[in-house]
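Survey of secondary and tertiary structure
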Amino acid sequence: MNALRMSIEVAAAGLHAQAERVRVVSENIANAHSVAAVARGDPYRRKTITFASELSRLDPAARSLAVRIGTDSSPFGMEHDPGNPAADASGNVKKPNVNVLLELADMREANHAYEADLQMLKQASGMISTTISMLRDN
Amino acid sequence: MLAPLANIDTLKLATSDVGGLVAANTVGPDFASYLKERLVENSDVLKAAESAASRGIRGEMSEADVVQSILAAQRSLQQMIGIRDRFVASLQEITRMAI
């Protein structure tokens, strides 16, 4: 495949990956206080997202981007809240292992990566357009 | 994802076709059929962009995909216009030729 067009495809894969990352971050933040629905149950477990390069489906010479979503196995927090329906016999409730500050930092990073990918797309697209405009002006 | 766009490489083909018509009347695809093929290819890209736009409005497609599709259509169209302008210009050049 044409190298410039391929770079547009790869940049688009990057856009998708960062969009997925923002989705995971928003899920984590939205559920930062979600406890179990039943007593002694586990609360929301933080989702993680990892990126890996994969062979492009369009061109075997290029590497595209794959997204894997997993879960964070770090321990849950504990809070004493006897009135909560999720509380155990001693009145403790398991809290999600989400650190909102960490999620916000991740979101900023996703935002920057998204912008970089957009810039890449713009650049490659502009280069193709400039080449085509050679036809118009003598 | 999209139908293959008219490639930059095809420009080479276009010019060699025109050269072929002028130099020796060789048998092969003439410019009209070449142009027709490219137009059909181009209309595929335009249709893809159109459906991407409507799917984007309906929220079935991500903005990034819609933008990518429309940019591809724009490039394809620009290229077609460029080739047409060049061809028309060369025809006009022939009509202006002193007899």
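Our subject is the structure that appears above.
In what follows, the accompanying structure is described. (Residues numbered from 1 in each chain as written. Chains lettered and ligands numbered in written order. Predicted model: local features only at pLDDT ≥ 70, side-chain atom pairs only at ≥ 80, totals over all residues. Heavy atoms only, no water.)

With that out of the way, let us pick up the overall build of chain A. Secondary structure assignment for chain A yields two helices and four strands. Order of helices (α) and strands (β) in chain A, N terminus to C terminus: α-β-β-β-β-α. Its C-alpha atoms give chain A a radius of gyration of 22 Å, more than 25% over the compact-globule value 14 Å for 138 residues. Taken over the C-alpha atoms alone, chain A extends approximately 85 × 30 × 20 Å along its principal axes. The buried share of chain A, reckoned over its 138 residues, is 33%. Excluding contacts between residues fewer than 6 apart, the proportion of contacts in chain A whose partners are at least 24 apart in sequence is 59%. (Helix = DSSP H or I, 4+ residues; strand = E, 2+ residues; numbered from the N terminus. Rg over C-alpha atoms; globule rule 2.2 N^0.38 Å. Buried < 20%, exposed > 50% of the residue type's maximum accessible area, 1.4 Å probe, protein only. Contact = heavy atoms within 4.5 Å.)

The subject of this paragraph is the environment of B:A52. Residues and elements named next belong to chain B. Residue placement: A52 occurs in helix α2 (residues 31-57). Exposure remark for A52: the relative accessible area of 1% places this residue in the buried category. Those residues in contact with A52 that sit more than four places away from it in its chain are M61, V66 and S69.

This part covers unusual backbone geometry. A positive phi angle is found at A:R40, which is not glycine, with a value near 65 degrees. On the basis of relative accessibility, which here comes to 62%, the residue A:R40 falls in the exposed class.

Moving on, we come to the pattern of salt bridges. Residues and elements named next belong to chain B. Within the structure shown, the criterion is met by 15 salt bridges over all chains. Of the charged contacts, one joins R38 and E41 as a salt bridge, the two residues approaching to 3.0 Å between their closest N and O atoms. With R38 and E41 both in helix α2 and three residues apart, the pair spans about one turn of that helix. R38 gets classed as buried once you look at its relative accessible area, which sits at 7%. You can call E41 partly exposed: its relative accessible area is 24%. The closest approach of N and O atoms between E60 and R55, which form a salt bridge, is 3.8 Å. (Salt bridge = Lys/Arg side-chain N within 4 Å of Asp/Glu carboxyl O.)

Grouped together as the largest cluster of nonpolar side chains are eight residues: A:I8, A:A11, A:L15, A:L121, A:A124, A:I128, A:I132 and B:A64. Elements that contribute at least two residues to this core include exactly α1 (3-30) and α2 (100-133) of chain A. Of the residues forming this core, the biggest block, four residues, is contributed by α2(A). Setting aside residues no more than four positions away along its own chain, A:I128 makes contact with A:L4, A:R5, A:I8 and B:R75. (Core = buried A, V, L, I, M, F, W, Y, C linked by side-chain atoms within 4.5 Å.)

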